[in-house]
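Chain residues, written in single-letter form:
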Amino acid sequence: MVYWRIIRKSYHRNLQYRLSHVINNVASSIFGLVFIAIWTGVLSGKQVYGPYDVKTMGYYIAICQSVLWMTTFMSPGLNVQIGVRSGAVSLDMIKPVHYLWYMLSQEFGRLAYNAFYRSVPIGLLLGLAVGFFFPSNPLTYFWFILSLLLGTYVGMLLFYLAGISSFWTTEIRWVHLILLSLIFGLGGQMIPLDLMPGLIGKVAPYLPFSAMIFYPVMTLLELAPPNGMLVQAGWALVLTAVALLVTSMARRKLEIQGG
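All values reported here derive from a predicted model rather than from experimental measurement. (Residues numbered from 1 in each chain as written. Predicted model: local features only at pLDDT ≥ 70, side-chain atom pairs only at ≥ 80, totals over all residues. Heavy atoms only, no water.)

Q: Describe the packing of helix 6 (residues 99-130) against helix 7 (residues 139-164), and please don't skip the residues or the numbers.
A: Each pair of packed helices can be described by the angle between their axes along with the distance between the axes. Viewed as axis vectors pointing N to C, helix 6 and helix 7 meet at an angle of 125°, and their least axial separation amounts to 11 Å. By the angle between their axes, helix 6 is oblique relative to helix 7. Relative to helix 7, the crossing made by helix 6 is right-handed. Contacts from Y99, L100, W101, M103, L104, E107, F108 and L111 of helix 6 reach helix 7 at L149, T152, Y153, M156, L157 and Y160. When grouped by side-chain class, the residues that make up the contact of helix 6 with helix 7 number 12 nonpolar, one polar and one charged. (Axes fitted to C-alpha atoms, helices over the stretch in contact; angles between N-to-C directions. Helix = DSSP H or I, 4+ residues; strand = E, 2+ residues; numbered from the N terminus. Parallel < 35°, antiparallel > 145°, perpendicular 65-115°, else oblique. Left-handed = near helix turned anticlockwise from the far one by under 90°. Contact = heavy atoms within 4.5 Å. Nonpolar A, V, L, I, M, F, W, Y, C, P; charged D, E, K, R; others polar.)

What follows is the structure in C-alpha cells.
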C-alpha cells in the first residue's frame, strides 16, 4: 500500500508537465518517421526472406518509438546520484521502506504517466502514417502488457544500478551514456536483433537490453521467440538480486562513513 501511494504521487506530480511534453511527442514521432523512411528505402522493391517486409518494419519502428518512453527514457540513475550529492540519501535510507523499492516506485509513477501521455500519443501519430497493427490472437495483448512490464522493470533496475554507483564514483554521467548506447545498439531500437550479423546477432537476444525493447515489440507483433519472456524474467531475477546486494553494500558504506 505504501509503494502504491508513492506511485500515485509520482504520477500526479508529472501531470503538471503534460503540455510541455507535447513538443517531445512530436519530436519523437519525427524520429520514428525518419527511421521508417530509411527502412522503406532499404526494403522497397527487394525480395525479403523472413517477416520483415516494408509494412512489418513500419509497425516495428512505430511500436519501438512508443515503447521507448516506458522502458528506456527514464530518469538518469533514477535520480539516486542527486540524493547522494545533496546528502538526502541518508534520510531516504532511514525511511520505513526499502530504499530499492522506494526509488523504483517513484520512477514507475513517472513511467505510468509516460504510458498515457507519451507512448499512446506517439503510437497514434505514427499509426496514422504506417497503419495500426491488431494481433490476430486477443491473448497477445495480455502477453504484450506482461512483456512490457518485465521490460520496464529490467530497465528500472539497470538505471538504478547506474545511479547507485554514485556511492563509489563522483560522476555517473559516463555510466548513463554507456548504458543508453548499449540499450539503443543492442536492444533492437534501430535494427531487429535477429537481423544483426555474426556473433552479435547470436548474443544480443540474450542480453538484458533485448528485454527492454526487442521482446515487448516482437510480442505485440506476434513474432517473439518462445524463450523471449523467459529471457526477460531471468534478467529480472538476476538484476533484482544484484540490486538488493548493491543496495546493502551502499547502506553499509553510508553507515560507516556517515552522510
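Q: Quick rundown of the packing of aromatic side chains? Include the residues and the values.
A: Counted according to the given criterion, the structure contains 10 aromatic pairs. A network of ring pairs unites the aromatic residues W69, F73 and F184 as a single cluster. (Phe/Tyr/Trp six-rings, centres within 6.5 Å; stacked < 30°, edge-to-face > 60°.)

Q: Mind laying out the UniProt feature "transmembrane region" (unreviewed entry) in the chain, listing which residues take part and the relevant values?
A: Feature annotation in UniProt places "transmembrane region" (unreviewed entry) on residues 21-39, 59-78, 115-134, 140-162, 174-191 and 233-250, given in this structure's numbering. Along residues 21-39 one finds 100% helix and 0% strand; the C-alpha atoms at either end are 27 Å apart. With 100% helix and 0% strand, residues 233-250 has its two end C-alpha atoms placed 25 Å apart. (UniProt positions renumbered as here; feature names shortened; annotations may be inferred.)

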